[in-house]
2 protein chains.
Amino acid sequence: MKNFMNEAIKLAKKACAQGEVPIGAVIVYDGKIISRGYNTRQTSQNAIKHAEIIAIEKACKKLGSWRLEDCEIFVTLEPCPMCAGAIANARIKTLHYGCKEQTSCDDLCEKILSSKRLNHTVEIIFEENYQEEISSLLSNFFKSKRQKNG
Amino acid sequence: MKNFMNEAIKLAKKACAQGEVPIGAVIVYDGKIISRGYNTRQTSQNAIKHAEIIAIEKACKKLGSWRLEDCEIFVTLEPCPMCAGAIANARIKTLHYGCKEQTSCDDLCEKILSSKRLNHTVEIIFEENYQEEISSLLSNFFKSKRQKNG
């Protein structure tokens, strides 16, 4: 499992190099990465273009189906409500994330993924070994942003 | 306000005519419709292509910004968690919806739109005058689907 989260971290670093909040995601099917995404909200000026959404759209295209039941997604950061909803809508089997979202005090991600709404629940795995690395990546990004702006 | 929800209903009917769950959305800026969307999940085989997402992406393109702070969205049906999250992420000012989501027993849409996560809350207006018309549109769609399949 280690390589998949490392791949997502590489994508987060790509986002960072483009001045985007560093978040990356990969989708795995049959033991292989079938799609990759990283946050491009600023460069695209599109509110939807989070890492997870980009990876899900590519995976649907690759498999020719909106149903990704046999897929797992590896994301660096705990998904926002939009992306958690997208993961559930795409019927993804398992979400792996490497860093807890600090600003989420209301457990929305978990509530969305375990909702009975869709007759589908997503297994959630927090890969805590990556917390420190990913958390530093994010806080360094915001620190350098503040320095530039301040 | 009447015309905007009627426009969303027209779009829902377009989706229906293509065999898609009938849901439509329009985004309004400065008193005018700047984007339209209807559900194309089946025809595109893309889990992300809900009416709201399509309308938001078009509005971002039109205004050249991921921030839609001065926009209102009119959707036929109470948004799913993905779309509620997208509406919040795009900082849309007001959500108008015309029909309550029957399968949502956990008020996720409201929780997502009123979350403190983004330092932005979306005003929610349920336009109950449309409930009956939209609810019939949806139930007739599912009834005819069952007849075809059964």
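All values reported here derive from a predicted model rather than from experimental measurement.

Rules used in this analysis
- Residues numbered from 1 in each chain as written.
- Chains lettered and ligands numbered in written order.
- Predicted model: local features only at pLDDT ≥ 70, side-chain atom pairs only at ≥ 80, totals over all residues.
- Heavy atoms only, no water.
- Helix = DSSP H or I, 4+ residues; strand = E, 2+ residues; numbered from the N terminus.
- Rg over C-alpha atoms; globule rule 2.2 N^0.38 Å.
- Buried < 20%, exposed > 50% of the residue type's maximum accessible area, 1.4 Å probe, protein only.
- Contact = heavy atoms within 4.5 Å.
- Areas by Shrake-Rupley, 256 points an atom, 1.4 Å probe, with all protein chains shown as cover.
- Lys, Arg positive; Asp, Glu negative; His and termini not counted.
- Charge placed at Lys NZ, Arg CZ, Asp CG, Glu CD.
- Expected span 1.5 Å × (residues − 1).
- Least-squares fit on C-alpha atoms with pLDDT ≥ 70 in both.
- Axes fitted to C-alpha atoms, helices over the stretch in contact; angles between N-to-C directions.
- Parallel < 35°, antiparallel > 145°, perpendicular 65-115°, else oblique.
- Left-handed = near helix turned anticlockwise from the far one by under 90°.
- Nonpolar A, V, L, I, M, F, W, Y, C, P; charged D, E, K, R; others polar.
- Core = buried A, V, L, I, M, F, W, Y, C linked by side-chain atoms within 4.5 Å.
- Phe/Tyr/Trp six-rings, centres within 6.5 Å; stacked < 30°, edge-to-face > 60°.
- Lys NZ or Arg CZ within 6 Å of the ring centre and 35° of its normal.
- Arc of directions from axis to C-beta.
- Buried area = accessible area lost by both parts, 1.4 Å probe.
- Salt bridge = Lys/Arg side-chain N within 4 Å of Asp/Glu carboxyl O.
- Polar contact = N/O pair within 3.5 Å; in protein donor to acceptor, adjacent residues only side chain to side chain.

## Side note on the overall build of chain A
The helix and strand tally for chain A stands at six helices and five strands. Written out in order from the N terminus, the α and β elements of chain A read α-β-β-α-α-β-α-β-α-β-α. Relative to a compact globule of 150 residues, whose C-alpha radius of gyration would be 15 Å, chain A shows 15 Å and is just as compact. Projected onto the principal axes, the alpha-carbon positions of chain A cover approximately 50 × 30 × 30 Å. Out of the 150 residues belonging to chain A, those deemed buried represent 57%. For chain A, restricting intrachain contacts to residue pairs at least 6 apart in sequence, the fraction spanning at least 24 positions comes to 60%. For chain A, the exposed area adds up to about 7100 Å²; of that, 46% sits on carbon and sulfur atoms. Side chains of chain A give 22 positive and 18 negative charges; the mean places of these two sets differ by 7 Å.

## Points about helix α3 (residues 51–63) of chain A
Residue and element names in this part refer to chain A. Over its 13 residues, α3 extends 18 Å from the first C-alpha to the last, a length consistent with the 18 Å expected when each residue adds 1.5 Å. Buried residues of α3: A51, E52, I53, I54, A55, I56, E57, A59 and C60, and no others. Buried residues belonging to α3 abut β1 (24–29), β2 (32–38), β3 (71–77) and α4 (81–89). The positive-phi residue at the C-terminal boundary of α3 is G64, with phi of around 70 degrees.

## Examining the relation of the copies chain A and chain B
Overlay of chain A on chain B (RMSD 0.0 Å): rotation 180 degrees, translation along the axis 0.0 Å. Expressed as a symmetry operation, the mapping of one chain copy onto the other fits a two-fold axis. By C-alpha distance to the rotation axis, the residue of chain A lying nearest is M82 of chain A, at 2.0 Å. Of all interface residues in chain A, 100% are interface residues in chain B too; the two copies therefore contact each other through one and the same surface.

## Quick notes on the packing of helix α3 (residues 51–63) of chain B against helix α4 (residues 81–89) of chain B
Helix-helix packing is characterised by the crossing angle of the two axes and by the distance between the axes. Residues and elements named next belong to chain B. Where α3 meets α4, the closest approach of the two axes is 9 Å, and the angle between their N-to-C directions is 20 degrees. One way to sum up the angle between α3 and α4 is to call them roughly parallel. Our pair here, α3 against α4, has a crossing hand that is left-handed. Between α3, through E52, I53 and I56, and α4, the contact on the second element is made entirely by M82, C83, A86 and I87. A per-class count over the contact of α3 with α4 returns six nonpolar, no polar and one charged.

## Focus on the nonpolar core
Core analysis: the largest hydrophobic core is formed by 96 residues, its most contacted members being I27 and I56 of chain A together with I27 and I56 of chain B. When near neighbours in sequence (up to four residues on either side) are disregarded, I56 of chain B contacts A47 and I48 of chain A together with I27, L68, I73, A86, I87, A90 and I92 of chain B.

## Overview of the packing of aromatic side chains
Under the definition given, this model contains six aromatic pairs over all chains. When the ring of F141 of chain A is compared with that of F142 of chain A, the centres are 5.2 Å apart and the planes differ by 75 degrees; the resulting orientation is edge-to-face. Judged by relative accessible area, which is 37%, F142 of chain A ranks as partly exposed. When the ring centre of W66 of chain A is taken as reference, the NZ or CZ atom of R41 of chain B above it lies at 3.7 Å. The residue whose ring lies beneath K100 of chain B is F126 of chain B, and the NZ or CZ to ring-centre distance is 5.0 Å.

## Quick look at helix α6 (residues 131–149) of chain B
Residue and element names in this part refer to chain B. Across its 19 residues, α6 extends 27 Å between first and last C-alpha, which sits within 8% of the 27 Å expected from 1.5 Å per residue. Within the span of α6, buried status applies to Q131, I134, L137, L138 and F141. All buried residues of α6 lie within an arc of 150 degrees about the axis, which places them on one face of the element. Facing away from the buried surface of α6 by more than 90 degrees, the exposed residues are E132, R146 and Q147.

## Regarding the side chain of E20 of chain A
Looking at where E20 of chain A falls in the secondary structure, it is placed in the loop between α1 (2–17) and β1. In contact with E20 of chain A, not counting residues within four places along its chain, are A15, N39, T40, R41, Q42, T43 and F141 of chain A.

## Describing the interface of chain A and chain B
Interfaces are often described in size by the accessible area the parts lose on coming together. With 33 residues of chain A at the contact, the number on the chain B side is 33 residues. Approximately 2700 Å² of surface area, both sides summed, lies buried where chain A meets chain B, with 62% of it carried by carbon and sulfur atoms. Counting the surface chain A buries against chain B, the share from its top three residues, Q45, W66 and R117 of chain A, is 25%. At the junction of chain A and chain B, the tally comes to two salt bridges. For the salt bridge of E57 of chain A with K49 of chain B, the shortest nitrogen-to-oxygen distance reads 3.3 Å. If you look at where chain A meets chain B, you find six residue pairs in polar contact (both at pLDDT 80 or more). Mapped onto the side of chain A that touches chain B, the elements with two or more residues apiece are α2 (41–44), α3, α4 and α5 (108–113) of chain A. Broken down by element, the side of chain A that touches chain B gets its largest block of residues, five residues, from α4 of chain A.

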